[in-house]
Amino acid sequence: MRATIEVNGLRKRFGSTVALDGMSFTVRPGQVTGFVGPNGAGKSTTMRVVLGLDAADEGTALVGGRPYRSLRDPLSHVGALLDAAALQPSRTARNHLLWLAHSQGIGTRRVDEVIEQVGLGPAARRRAGGFSLGMRQRLGIAAALLGDPPVLMLDEPVNGLDPEGVVWMRGLLRSLAAEGRAVLVSSHLMSELEGTAAHVVVVGRGRVVADTSVAGLIEAASGRRVRVRTAARERAIAALARADVAVAADVGVASDVTVAGDVTVAGDGNDMLVVSGLPTERVVALLNANAVPFSEVAAHRATLEEAYMNLTGEVVEFRAAGTAAGREAAR
Amino acid sequence: MRRELHAEWTKLRTEPGTGPLLLAIVAVTVAVSAAACATVTCAPARCDHDAVRLGLAGVQAGQAAVAILAVLAICGEYGTGMIRTTLTAMPRRGAVLTAKAAVVTGLTLVAGTAAVLGSVLAGRLVLPGRGFTAAPLSLADGPTLRAVAGSVLYLALIALLSLGVGTAVRDSAAAAGVVLGLLYLSSILPYMVGDPDWQRLLWRLSPMNAGLAVQATTHLSSLPLSPWAGLGVLSAWAGAALLCGGLLLRRRDA
């Protein structure tokens, strides 16, 4: 089967709350796709609809081209980790995986394999109720890998892991994608996906805000900005202002802002300026022509977190306002 | 369906609470049956007691353990959220409930048989000392055999009723309350109304009174329902509860 998740026009209301408002995206094989948005953006609901746990009011969700509920032995098609706590605490880790295996016609040997793969070997015969959140996440990953599925869908898998576990999880996600699987990983923290996800689906208020490659997203957020480190701030600002182009800077909390005509320069109160709209060479030339000393000029590269905040800032704001008028205004 | 059965069997088998509950079904039933037999004295001249019904009285207590076993089999999953793992692994919800019903009923039949036979044995040991005829509760006797087999079926139907209610209600405590309330309160309700017609109707509708008619071996003509018809009433309750639970399970978001 095709290793894809196709979500098309999902809508769902819980009472008066709109959980999904036309959610559409496709997860492709061979890469980790980040599924990012603030809490309450509809990530978990989307995943529950994909797994057939919740019914959407409208729209379709297909796994490998088929609705989840029509899959025979679904764990061999999709491995999912929705809620690491969703197990009976009195049962041992191994027995939890054992009943899951039996539900799919999978043998006992595979159970022991995945237990070793996630590093739970020594704890396999302990009750899962006594596990830390990190160990439960590992058990959840073991359950997701049980059927060796071409599609994986993990809700906040890094949650509760210790630093070593985070590194392990990132490596695992990358290697699963490298094997050609489609891997969808949700997170409310974009920084968790830095270096792991090649593609991101950013959601807010039940719909997709951006569906783009990580490289493209960062490029767009970086703009054509140049960071200038100089001890002579005033002279630098004056020199750049003379170029008669829009110069804006926003490093941290701007403590002083100079406006001259249509030129705006803001600094962070230290010796750093960020200039938009000018190529690096032009900045260097202007500074040199005016004999302004500087210690560093570099193209600014936005972090994934910055790019995400640019995208969702507005969405979160309207969510906080929480009014129908606000939602209308956003449309 | 085979995989659903296998999975549900593994689940129940590896749940530490299952063993103690099965033991409780047997222990409570036998203990209460023995106690009931020990508290009754039969005057040799005119012994009017139904020795079989007395010897199987523990079923009325043991059914509570059966109800808890069945309620926990489904509500335990809702309490922990494991139901979502279950329905992700087995999206055919009707098959999941059917498999659960089969597994829980199977275990109840085994424990129920042990409990009822243990009660018969206890009755045979205790009753002769209380003025009853020398060899009461003989399984060779037709009505006695019907009462014994019927009691095992009664416990199995209680399991199905409880599973259906548990699936519909989802919360363990609430479901156990509904089942035990339905059983015990409806069994005393007929005796709280004065009108004899209403009394008979309420008696016939009560799953416990009607169902336990299968234990009667004396004065059958004075019962509001025949033994098997009584068990039929309980079957209808169990079927309705399972149907209701099954429909809700299919309709609702997990």
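These figures come from a predicted structure and were not determined experimentally.

**Remarks on the overall build of chain B**
And then number 1: Helices and strands together make up the secondary structure of chain B, namely 11 helices and 0 strands.
And then number 2: When the helices and strands of chain B are placed in sequence order, the string is α-α-α-α-α-α-α-α-α-α-α.
And then number 3: A compact globule built from 254 residues should have a C-alpha radius of gyration of about 18 Å, and chain B, at 19 Å, falls within 12% of that.
And then number 4: The principal-axis extent of the C-alpha atoms belonging to chain B is close to 65 × 40 × 30 Å.
And then number 5: Among the 254 residues that make up chain B, the fraction classed as buried is 52%.
And then number 6: Long-range contacts, defined as pairs at least 24 residues apart, comprise 74% of the intrachain contacts of chain B with a sequence gap of at least 6.
And then number 7: Summed over its atoms, the accessible surface of chain B is roughly 10,500 Å², and 69% of this surface lies on carbon and sulfur atoms.
And then number 8: Distance between charge centroids for chain B: 6 Å, based on 19 positive and 11 negative side chains.

**Things to note about the packing of aromatic side chains**
Residues and elements named next belong to chain A.
And then number 1: Summed over the entire model, instances satisfying the criterion amount to 1 aromatic pair over all chains.
And then number 2: For the ring pair phenylalanine 25 and phenylalanine 35, a centre distance of 4.9 Å and an interplane angle of 45° mean the geometry is tilted. Of this pair, phenylalanine 25 sits in strand β2 (residues 17-27) while phenylalanine 35 sits in strand β3 (residues 31-36), and the two are 10 residues apart along the sequence.
And then number 3: For phenylalanine 25, a relative accessible area of 4% corresponds to the buried category.
And then number 4: Relative accessible area serves as the criterion here: at 0%, phenylalanine 35 is assigned to the buried category.

**Section: the sheet that holds strand β4 (residues 58-63) of chain A**
Residues and elements named next belong to chain A.
And then number 1: Spatial ordering of the open sheet is given by β2-β1-β4, a layout of 3 strands whose pairing is antiparallel. Where the open sheet ends on each side, the last strands, each with one partner, are β2 and β4. Neighbouring strand axes in the sheet, compared pairwise and without regard to direction, differ in orientation by 20° on average.
And then number 2: As paired elements, strand β1 (residues 5-14) and β2 share 8 bridges and run antiparallel to each other.

**What to know about the interface of chain A and chain B**
And then number 1: At the junction of the two partners, chain A supplies 32 residues and chain B supplies 28 residues.
And then number 2: When chain A packs against chain B, the two sides together hide about 2,500 Å² of surface, and 54% of this comes from carbon and sulfur.
And then number 3: Broken down residue by residue, the surface that chain A buries against chain B is led by Leu53(A), Trp99(A) and His102(A), which jointly contribute 27%.
And then number 4: At the boundary of chain A with chain B, the tally comes to 4 salt bridges.
And then number 5: Arg91(A) is paired through a salt bridge with Glu15(B); the nearest N and O atoms lie 3.7 Å apart.

**Overview of the packing of helix α1 (residues 2-13) of chain B against helix α6 (residues 93-126) of chain B**
All names here are of chain B.
And then number 1: The N-to-C vectors of α1 and α6 enclose an angle of 50°; their axes lie 9 Å apart at closest approach. Classed by the angle they form, the pair α1 and α6 counts as oblique. The element α1 and its partner α6 pack so that their crossing is right-handed. Residues Glu4, Leu5, Glu8, Trp9, Lys11 and Leu12 of α1 lie in contact with α6, whose contacting residues are Ala95, Val96, Ala99, Lys100, Ala102, Val103, Val104 and Leu107.
And then number 2: The residue inventory of the contact of α1 with α6, partitioned by class, reads 10 nonpolar, no polar and 4 charged.

**A short note on the environment of Ala238(A)**
All names here are of chain A.
And then number 1: Note on placement: alanine 238 falls in helix α7 (residues 233-241).
And then number 2: Classification of alanine 238 by relative accessible area gives partly exposed; the value is 33%.
And then number 3: Placed 61 residues apart in sequence, alanine 238 and alanine 177 show a C-alpha to C-alpha distance of 50 Å.

**Re the sheet that holds strand β7 (residues 182-187) of chain A**
Residues and elements named next belong to chain A.
And then number 1: Here 6 strands make up an open sheet; going across it, the order is β5-β6-β7-β3-β8-β9 and the pairing mixed. Two strands close off the open sheet at either side, each with one partner strand: β5 (78-81) and β9 (207-213). Within this sheet the neighbouring strands show an average axis-to-axis angle of 15°, counted without direction.
And then number 2: In terms of strand pairing, β3 meets β7 through 6 bridges, oriented parallel. From the neighbouring strand, glutamine 31 faces β7, where its bridge partner is alanine 182.
And then number 3: The sheet contacts of helix α4 (residues 133-145) involve β5 and β6 (151-155), and relative to β5 the element is tilted by about 165°.
And then number 4: Along the sheet face, helix α6 (residues 214-222) touches β8 (199-204) and β9 and points at about 100° away from the line of β9.

What counts and what doesn't
Residues numbered from 1 in each chain as written. Chains lettered and ligands numbered in written order. Predicted model: local features only at pLDDT ≥ 70, side-chain atom pairs only at ≥ 80, totals over all residues. Heavy atoms only, no water. Helix = DSSP H or I, 4+ residues; strand = E, 2+ residues; numbered from the N terminus. Rg over C-alpha atoms; globule rule 2.2 N^0.38 Å. Buried < 20%, exposed > 50% of the residue type's maximum accessible area, 1.4 Å probe, protein only. Contact = heavy atoms within 4.5 Å. Areas by Shrake-Rupley, 256 points an atom, 1.4 Å probe, with all protein chains shown as cover. Lys, Arg positive; Asp, Glu negative; His and termini not counted. Charge placed at Lys NZ, Arg CZ, Asp CG, Glu CD. Phe/Tyr/Trp six-rings, centres within 6.5 Å; stacked < 30°, edge-to-face > 60°. Pairing = 2+ DSSP bridges. Axes fitted to C-alpha atoms, helices over the stretch in contact; angles between N-to-C directions. Buried area = accessible area lost by both parts, 1.4 Å probe. Salt bridge = Lys/Arg side-chain N within 4 Å of Asp/Glu carboxyl O. Parallel < 35°, antiparallel > 145°, perpendicular 65-115°, else oblique. Left-handed = near helix turned anticlockwise from the far one by under 90°. Nonpolar A, V, L, I, M, F, W, Y, C, P; charged D, E, K, R; others polar.

In short, geometric facts, not functional conclusions.
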